[in-house]
Each structure stands twice: as structure tokens, then as C-alpha cells.
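Structure assessment
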Protein chains: 2
Amino acid sequence: MSQRRGRFPTREELRIWRDFIETTDALRAAMAARLQNDSGLSTGDYSVLLALSEAPNGRLRSSELAATIGWERSRLSHHLGRMDKRGLIRRENCTGDNRGAEAVLTEEGAAAFHRATVPHLRAIRELFVDGLTPAQVAAAGKLAAALREHLGNGGGPQEIP
Amino acid sequence: MSQRRGRFPTREELRIWRDFIETTDALRAAMAARLQNDSGLSTGDYSVLLALSEAPNGRLRSSELAATIGWERSRLSHHLGRMDKRGLIRRENCTGDNRGAEAVLTEEGAAAFHRATVPHLRAIRELFVDGLTPAQVAAAGKLAAALREHLGNGGGPQEIP
DNA sequence: CGGAAATGATTGACGTGTCAATTATATTCC
DNA sequence: GGAATATAATTGACACGTCAATCATTTCCG
């Protein structure tokens, strides 16, 4: 196994890459479809509502909300616009910093979130957990950690001293 | 470990789910950004060009192309429209079946694909393979297979006889 | 033959994500 | 104090994906 770095992926590695990325994509799509069907929410909606539900008073500053769910600001801004139009959240000015904006959970948003929770948890079990052995679930966690760590380091070319 | 099915995911399973889905998403985004940067192609463009490159005479019927890369037809139709406008492919009528359409690789498309290939393979190695141990790469393959198999079966509630 | 159903592909509407530019307010520092 | 800069958020343009509707052609079959 000499010289693992600085070469192209093998056929097998390539096959696994494609399989992996396509499958996770299909998984995401299936989950999105389930959520949409069960509750009329997109996964984005769910993330936002979850974060707001867990925040004190159901309100968060835009930038903190973005950080919490790991979104870019502009993405969040667009999404909040759509959710506002649907009455799931409300925008308010941020007291103390007139640049800021706060997103506030509405009654309707909270209700939608509560309706979505149980079916969504069930979907996670059915689509993900039930498809794997406990060992594989653990492996998925390890895998995610390793990939995330690597991506965090830029994922770039690895220096070999 | 009694009664694994028919319950909600545990906290740990939920954490892993979120970690897994977010990380694979970040991976996809990173790969898309790399490809875009290196060659001006989207991952969709790359899939289409790859399939056409491997097809005899660089041409494929729309429906076969869709099947090859696993896309819905309407998605492909929209994408081919964009690629056509950029000169990467050309549309021709299908001889023998006037309903059909063929997508044909242009010189420009072939050139763009060739320019993209090496950097893309390098990116797969750097972002994916290099972030994992060989055992983890193999585990990723197994994981994808298990998830895909489960999704293929509907991923629905599991009957317990 | 000829009309109904099936097939191949496109289109339009809409939600979504990214990037670059913009607006408005705060902070910094001379 | 006031110009330069930094920060918070929004906006517009555009690529992308999905769904339902549409259009053209072909196939089926009575």
C-alpha cells in the first residue's frame, strides 16, 4: 500500500465515491419528500423552526440563527422571506442594534413544527436507522466526523514532510 | 438490545443523523465549488458530459442519458437546455423515432470535459479519499450499499412477522 | 383503418441556493 | 467630531430541481 497520496483514485475508490454521493443524495431527497408530504414543510423550514423552537422566547437574531443551523446569511434571508410570507415566522427589529433583525416564531410556525416533529423522527428512523445495523450507524458517525474534520482543514493537498 | 424497531431514534442516533446529512451536504458543496472553480462546470454538467463521452459517437437519446445518470427526464431537459445555450452539447432529432431527441457532445463540450477530468479526480482524492482511512473508504461503500438497498425497498416501516 | 392509450420530451411555475452588489447602521481611530 | 472601515442584513440575477401540465408521435387493438 505504498504511496497512498498524490495519486488518482482507483477504480474502486471512484465507484465508492459515486455510490456514496448518489446514495446520500437520494437519502436527502427521500427525507425531503417525506417531510413535505407529512407536514408541508421543507427541510429548510424544519431546521429554522427547530432552531427557533429551542431558542428563548422563540426568537433569534438572523446572524445567530444562521450560525446555529450553519447557513450563509443570504440563504437565510431569502428563506426567512418565504417563511414570513407563509406566516411561519415574523421579522422584528433588533432592540439595541438597529442593523440587526430578529426572526420570531409565530403561533402558526410553532404549530406546524409540532405537527412535523413526530413524523419526521419516524422518517429518520425508517429511512436511516432501520436501514443500518447499529455498527453501521456508529460507522456513519465516525465517517461524518472524519470527513468534516478533513473538510475543515481545507480538504486540500496533504503535505508530506 | 430488545425492540430496535418501532421506536423513535435515540439522542445519539439523532446526532449521528444530523452530522451525517450535514457533512455529506458540505462535501457535495465543496466538490461542486471545486469543479466550478477548476473548470467552470457544475457537477450536473460533468455527469452529462461524462455519459456522453462514454457513449458511441458522443451521442445519446435523452431518455437513455437520463437513465444512465439517474435523472428525471424533466430535470435533464432543463439542464440540456442550459448546456445547449452554452454550446456544450447540441440537440438533434432522433432518426427513426420522431418523438425522440438526441443529445450530442460538441467539440467545445468534449474539450471542457477533458479540461475538467484531471482536476476533478484530484478533488475526489483530496476531499474524500484522503480524508478517510482505507477501512473507512470501504465502510463508506458498505454504508451506501445498505442505505440504497433500504431506500430501494421503500424505506418504509418494517414488518415484524 | 382509426381512435384510445402509451411513450418521449418539453415547458412553466415555483421553491431553493449562491454570488456579487447594495443599504443601513456601528465602530474605530485620527 | 467625522471620515474610513467593519458589520448586519437584504436584494437581484441566475443556476438548479421538482411537479404538474402539455404536445407530438407512436403503438395497441377493436
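Let me begin by describing the structure that accompanies this report. (Residues numbered from 1 in each chain as written. Chains lettered and ligands numbered in written order. Predicted model: local features only at pLDDT ≥ 70, side-chain atom pairs only at ≥ 80, totals over all residues. Heavy atoms only, no water.)

1. Regarding the protein's contact with DNA strand C
Heads up, the condition is: Near residues are defined by distance, with any heavy atom within 4 Å of the molecule or strand qualifying the residue. Here a polar contact means two N or O atoms within 3.5 Å. Within protein one must be a hydrogen donor candidate and the other an acceptor candidate, and residues neighboring in sequence count only if both atoms are side-chain atoms. Every helix listed is a DSSP run of H or I at least four residues long, and every strand listed is a run of E at least two residues long, numbered separately from the N terminus. Polarity classes work like this: nonpolar for Ala, Val, Leu, Ile, Met, Phe, Trp, Tyr, Cys and Pro, charged for Asp, Glu, Lys and Arg, and polar for all others, with Gly in that last group.
Taken together, 21 residues sit near DNA strand C, with S74(A), R82(A), S63(B), H78(B) and R91(B) positioned nearest. Counted by atom, the contact set of DNA strand C within 4 Å of the protein is 62% sugar and phosphate. Contact distances for DNA strand C include 2.9 Å between a phosphate oxygen and a side-chain N or O atom of R75(A). Within the side chain of S77(B), an N or O atom sits 3.0 Å from a phosphate oxygen of DNA strand C. Of all elements in the fold, only α4 (73-85) of chain A together with α3 (62-69) and α4 (73-85) of chain B reach the threshold of two or more residues within the surface near DNA strand C. Ranked by the residues each element gives to the surface near DNA strand C, the list is headed by α4(A), at five residues. Each residue belonging to the surface near DNA strand C can be placed in one class, and the counts come to one nonpolar, 11 polar and nine charged.

2. Points about the interface of chain B and chain A
This is how it is decided: Residue contacts are counted whenever heavy atoms from the two residues lie within 4.5 Å of one another. When two parts are brought into contact, each loses some accessible area as probed by a 1.4 Å sphere; the total of that loss over both is the buried area. Between Lys or Arg on one side and Asp or Glu on the other, a salt bridge is scored when a side-chain nitrogen of the former is within 4 Å of a carboxyl oxygen of the latter.
Listed by partner, the interface residues are 57 residues for chain B and 56 residues for chain A. Between chain B and chain A, roughly 5,500 Å² of surface is buried when both sides are summed, and carbon and sulfur atoms account for 69% of that area. One can count six salt bridges joining chain B with chain A. Inspection of the chain B/chain A interface yields 10 residue pairs in polar contact (both at pLDDT 80 or more). The set of elements that each furnish at least two residues to the side of chain B that touches chain A consists of α1 (11-39), α5 (107-127) and α6 (134-152) of chain B.

3. With respect to the protein's contact with DNA strand D
Residues in close proximity to DNA strand D total 21 residues, the closest being S63(A), H78(A), S74(B), R75(B) and R82(B). Counting only the atoms of DNA strand D that lie within 4 Å of the protein, the sugar and phosphate share comes to 65%. Within the side chain of R61(A), one N or O atom sits 3.3 Å away from a sugar or linking oxygen of DNA strand D. Note that a phosphate oxygen of DNA strand D is positioned 3.0 Å from one of the side-chain N or O atoms of R91(A). At the level of elements, α3 (62-69) and α4 of chain A together with α4 of chain B are the ones that each hand at least two residues to the surface near DNA strand D. Broken down by element, the surface near DNA strand D gets its largest block of residues, five residues, from α4(B). Classifying every residue of the surface near DNA strand D gives one nonpolar, 11 polar and nine charged.

4. Re the nonpolar core
Here is the rule we go by: By convention a nonpolar core is built from buried Ala, Val, Leu, Ile, Met, Phe, Trp, Tyr and Cys residues, the set being connected through side-chain atoms within 4.5 Å. Any residue under 20% of the maximum accessible area for its type is buried, any over 50% is exposed, and the rest in between are partly exposed; the area is computed with a 1.4 Å probe on protein chains only.
Formed by 40 residues in total, the largest nonpolar core has its most connected members in F20(A), L27(A), F128(A), F20(B), L27(B) and F128(B). Counting only elements with at least two residues in this core, the list comes to α1 (11-39), α5 (107-127) and α6 (134-152) of chain A together with α1, α5 and α6 of chain B. Setting aside residues no more than four positions away along its own chain, F128(A) makes contact with L27(A), A123(A), A140(A), I16(B), W17(B), F20(B) and L147(B).

5. A look at the sheet that holds strand β1 (residues 59-61) of chain A
Residue and element names in this part refer to chain A. To be explicit about the condition: Strands were regarded as paired on the criterion that DSSP finds at least two bridges between them. A fitted line through C-alpha atoms represents every axis, and for helices the fit uses only the stretch in contact; the resulting angles, taken between N-to-C directions, go from 0 to 180 degrees.
A sheet is described by the order of its strands in space; here three strands give the open sequence β1-β3-β2, paired in antiparallel fashion. Looking along the sheet, the strands with just one partner apiece sit at the ends: β1 and β2 (89-93). Ignoring which end each strand starts from, the neighbouring axes of this sheet average 25° apart. As judged from the three bridges shared by β1 and strand β3 (residues 101-105), these two strands associate in the antiparallel manner. Bridged to R61 within β3 is E102.

6. Observations concerning the environment of T23(A)
Counting through the fold element by element, T23(A) comes out in helix α1. We classify T23(A) as buried; its relative accessible area is 1%. Along the chain, T23(A) and R75(A) lie 52 residues apart, while their C-alpha atoms are 25 Å from each other. Each residue touching T23(A), except ones within four places of it in the same chain, is listed here: A144(B), L147(B), R148(B) and L151(B).

7. Quick notes on the relation of the copies chain B and chain A
So the rule is basically this: To superpose the copies, least squares is applied to the C-alpha atoms of every residue with a pLDDT of at least 70 in both.
Overlay of chain B on chain A (RMSD 0.1 Å): rotation 180°, translation along the axis 0.0 Å. Interpreted geometrically, this transformation is the action of a two-fold axis. The overlap is high: 98% of the interface residues of chain B also sit at the interface in chain A, so the same surface is used on both sides.

8. Remarks on the sheet that holds strand β2 (residues 89-93) of chain B
Residues and elements named next belong to chain B. Taken together, the three strands give an open sheet; going across it, the order is β1-β3-β2, and neighbouring strands pair in antiparallel fashion. Each edge of the open sheet carries a strand with a single partner, namely β1 (59-61) and β2. Taking the axes of each pair of neighbouring strands and ignoring which way they run, one obtains an average angle of 25° across the sheet.

9. What to know about the side chain of S39(B)
Within the secondary structure, S39(B) is located in helix α1. Within the structure, the side chain of S39(B) is placed 2.8 Å from the backbone oxygen of L35(B), a separation counted as a polar contact.

10. Considering the packing of α6(A) against α6(B)
Heads up, the condition is: Between 65 and 115 degrees an angle is taken as roughly perpendicular, under 35 as roughly parallel, over 145 as roughly antiparallel, and anywhere else as oblique. Helix crossings fall into two classes, left-handed where the near helix is turned counterclockwise from the far one by less than a right angle and right-handed where it is turned clockwise.
Look at α6(A) against α6(B): their axes get within 10 Å of each other, and the N-to-C directions meet at 125°. By the angle between their directions, the pair α6(A) and α6(B) is classed as oblique. Once α6(A) is placed against α6(B), the crossing between them reads as left-handed. Two secondary-structure elements touch here, α6(A) through Q136(A), A140(A), K142(A), L143(A) and A146(A) and α6(B) through Q136(B), A140(B), K142(B), L143(B) and A146(B). Partitioned by chemical class, the residues of the contact of α6(A) with α6(B) number six nonpolar, two polar and two charged.

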